[in-house]
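# Descriptive analysis of the structure
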Amino acid sequence: MYAQMVSSTGKVVKSYEDMSPDERAFQARIDAGEKIEPKDWMPEGYRKTLIRQMGQHAHSEIVGQLPEGNWITRAPTLERKAILLAKVQDEAGHGLYLYCGAETLGVTRDDLTRDLLSGKMKYSSIFNYPTLTWADMGAVGWLVDGAAIMNQVPLQRTSYGPYSRAMIRICKEESFHQRQGFDIMMKMAYGLPAQRKMAQDALNRTWYPALMMFGPSDADSVHSAQSMAWKIKINTNDELRQKFVDQTVPQAEYLGLSIPDEHLKRDPETGHYNFTQPDWDEFFDVLSGNGPCNVERLNARNKAWDDGEWVRDGLMAHAEKKRTAKCAAESGRQS
Ligand code: BYC
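Residues numbered from 1 in each chain as written. Predicted model: local features only at pLDDT ≥ 70, side-chain atom pairs only at ≥ 80, totals over all residues. Heavy atoms only, no water.

This brings us to the packing of aromatic side chains. All chains considered together, the criterion is met by 11 aromatic pairs. Residues Phe26 and Trp41 carry aromatic rings whose centres are separated by 6.2 Å and whose planes lie at 80 degrees to one another, so their mutual orientation is edge-to-face. Of this pair, Phe26 sits in helix α1 (residues 21–31) while Trp41 is found in the loop between α1 and α2 (44–63), placing the two residues 15 residues apart along the sequence. The buried category is assigned to Phe26, whose relative accessible area is 3%. Judged by relative accessible area, which is 44%, Trp41 ranks as partly exposed. When the ring centre of Tyr16 is taken as reference, the NZ or CZ atom of Arg24 above it lies at 4.6 Å. Over the ring of Trp305 we find Arg312, and its NZ or CZ is 3.5 Å from the ring centre. (Phe/Tyr/Trp six-rings, centres within 6.5 Å; stacked < 30°, edge-to-face > 60°. Helix = DSSP H or I, 4+ residues; strand = E, 2+ residues; numbered from the N terminus. Buried < 20%, exposed > 50% of the residue type's maximum accessible area, 1.4 Å probe, protein only. Lys NZ or Arg CZ within 6 Å of the ring centre and 35° of its normal.)

With that settled, consider the site of the ligand. Looking at the ligand, there are 33 residues lining it, with Gln56, Lys122, Ser221, His223 and Lys233 nearest. Gln56 places a polar side-chain atom, nitrogen or oxygen, 2.6 Å from an oxygen atom of the ligand. At a separation of 2.8 Å, an oxygen atom of the ligand approaches a polar backbone atom of Val222. Out of a free accessible area of 1,000 Å², the ligand has 92% covered by protein chains. Taken together, the residues that form the shell around the ligand break down as 13 nonpolar, 13 polar and 7 charged. (Near = heavy atom within 4 Å. Polar contact = N/O pair within 3.5 Å; in protein donor to acceptor, adjacent residues only side chain to side chain. Areas by Shrake-Rupley, 256 points an atom, 1.4 Å probe, with all protein chains shown as cover. Nonpolar A, V, L, I, M, F, W, Y, C, P; charged D, E, K, R; others polar.)

Glancing now at the side chain of His57. Position of His57 among the secondary structure elements: in helix α2. Judged by its relative accessible area of 10%, His57 falls in the buried class. Among all residues touching His57, those that are not within four sequence positions of it are Leu98, Gln152, Tyr163 and Met167. (Contact = heavy atoms within 4.5 Å.)

What follows deals with a negative patch on the surface. Taken together, the side chains of Asp279, Asp281, Glu282 and Asp285 present a region of like negative charge at the surface. Along the chain, the position of Asp281 falls in helix α11 (residues 280–290). (Patch = residues over 30% accessible without salt bridge, like charges linked within 9 Å, V, L, I, M, F, W, Y side chains within 5 Å. Salt bridge = Lys/Arg side-chain N within 4 Å of Asp/Glu carboxyl O. Lys, Arg positive; Asp, Glu negative; His and termini not counted. Charge placed at Lys NZ, Arg CZ, Asp CG, Glu CD.)

In this model, the second largest pocket occupies a volume close to 590 Å³. When contributions to the lining of the second largest pocket are tallied by element, the ones reaching two or more residues are α4 (78–103), α5 (109–117), α12 (294–307) and α13 (309–334). Split by residue class, the lining of the second largest pocket holds 11 nonpolar, 3 polar and 5 charged. (1 Å grid on protein atoms, 1.4 Å probe; cavity = no way out; pocket = protein on both sides within 12 Å on 5 of 7 lines; lining within 4 Å. Points joined across faces, edges and corners; volume = space filled by probe spheres on them.)

In this section: the nonpolar core. Grouped together as the largest cluster of nonpolar side chains are 36 residues, with contacts concentrated most on Trp134, Trp142, Trp207 and Phe244. Within the residue set of this core, elements represented by two or more residues are α4, α6 (135–155), α7 (161–189), α8 (193–212) and α10 (237–255). Setting aside residues no more than four positions away along its own chain, Trp134 makes contact with Trp71, Ala75, Pro76, Arg80, Leu84, Ile184, Met188 and Met198. (Core = buried A, V, L, I, M, F, W, Y, C linked by side-chain atoms within 4.5 Å.)

Attention shifts here to the pattern of salt bridges. Tallied over the entire structure, the rule returns 18 salt bridges. Measuring nitrogen to oxygen at the nearest pair gives 3.2 Å for the salt bridge that ties Arg29 to Asp40. Of this pair, Arg29 sits in helix α1 while Asp40 sits in the loop between α1 and α2, and the two are 11 residues apart along the sequence. Note that Glu320 is salt-bridged to Arg323, the shortest N-O span being 2.9 Å. With Glu320 and Arg323 both in helix α13 and 3 residues apart, the pair spans about one turn of that helix.

Among the secondary structure elements, Asp267 is positioned in the loop between β1 (265–266) and β2 (273–274). Separated by 25 residues in sequence, Asp267 and Pro292 have C-alpha atoms that sit 35 Å apart. Setting aside its immediate chain neighbours within four residues, Asp267 contacts His272 and Asn274.

Time to look at the side chain of Thr206. Position of Thr206 relative to the elements: it lies in helix α8. Not counting the four nearest positions on each side in its chain, Thr206 is found in contact with Ala139, Leu143 and Val144.

It is worth spelling out the packing of α8 against α10 at this point. Contact pair α8 / α10: the axes reach a minimum separation of 12 Å and the direction vectors enclose 175 degrees. Considering the angle they form, α8 stands roughly antiparallel to α10. The segment α8 lies against α10, with Arg196, Trp207, Ala210, Leu211 and Met212 engaging Arg241, Phe244, Val245, Thr248 and Leu255. Here the residues of the contact of α8 with α10 sort into 7 nonpolar, 1 polar and 2 charged. (Axes fitted to C-alpha atoms, helices over the stretch in contact; angles between N-to-C directions. Parallel < 35°, antiparallel > 145°, perpendicular 65-115°, else oblique.)

Turning to α11, its buried residues number three or more, namely Trp280, Phe283 and Val286. One side of α11 carries all its buried residues, which in axial view fall inside an arc of 115 degrees. Away from the buried face of α11 by more than 90 degrees, exposed residues Asp281 and Ser288 are located. On its buried side, α11 packs onto α8, α10 and α12. The residue sitting at the N-terminus of α11 and contributing the capping side-chain oxygen is Asp279; that oxygen lies 3.0 Å from the backbone nitrogen of Asp281. (Arc of directions from axis to C-beta.)

This is how it looks when you write it as structure tokens:
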């Protein structure tokens, strides 16, 4: 199957006729399901798209630590604290695998970090919303990690080798995260009336921001068509959003909680749920920096970067000292 035949409602894909011989050979490898590795030839657009997506993904993992990190000191039991701490540490690890993966494309982690801190690069819109109560830790694990898994399981088959391999490990950890969130929701939903109310409130506030995580509707998605032709993305944004809704509604029923959507209804013919789309004006507003926590999140990351300068300087000085000592030892052996 060639690129121009890939069905997607995103923007236009470079046609086979317009491709150079190198691009045609590259597309043939993609169409044959081969993985592309760092030293292989690749079109500049493919490399840039991957840097953008992997960089945004890595930043999301790093910024994603903030709303949950906020609750580590206030977790209700020692066990919950240990679990949440482990989860937040996992997110840091995911960020690091993804930065390392992006570095194989010729960009440095420092470049990517600089672009995050200046606000030039994006991170997932979801992390610009606050986590107001302990029940939000349940809703984030259940819905946010649940949406992340829905998006990331297909990415295990993405065409770029280092990204695909990073996703295999990340998905294993994300499914633990999703289950721990659902476990918190179960305890709250089956608990006291006040706990049940908190769980419902967390679901009400997290539902639409979670639906936004899959990106704009296919009609407004700028990158989907070309990314799918290159098999960087495997599914469209709307396909994954629908799968997420279909999977999550029965889970909410099991919890005895209501999805905040009066139009939600299963279509008996297709087996899919019809649902209300998120407020896309709000989504684009959050992307432009106007969400409830955009400023707070970027300030927190900038502060962490500035506060960590002495550690980075110390590590560099130590590495330089070791390098100089090694060079001196080697020249001593030669003379
Ligand atoms: N938030 O053409 P489109 C997680 C941007 S968190 C912000 O459809 P694409 C986790 C998009 O970048 C999940 N921006 O784009 C961590 C583009 O802007 P630019 C992180 C968004 O790339 C801790 C524009 O809108 N996962 O794992 O084809 C705790 C047009 O969109 C968003 C990933 O990043 C958004 N929600 O599709 C718990 C997965 N949506 O760059 C969980 C990897 C869209 O042209 N990424 N934009 O300025 C992807 O799969 C794709 O990049 C997306 C967007 C589906 C997100």
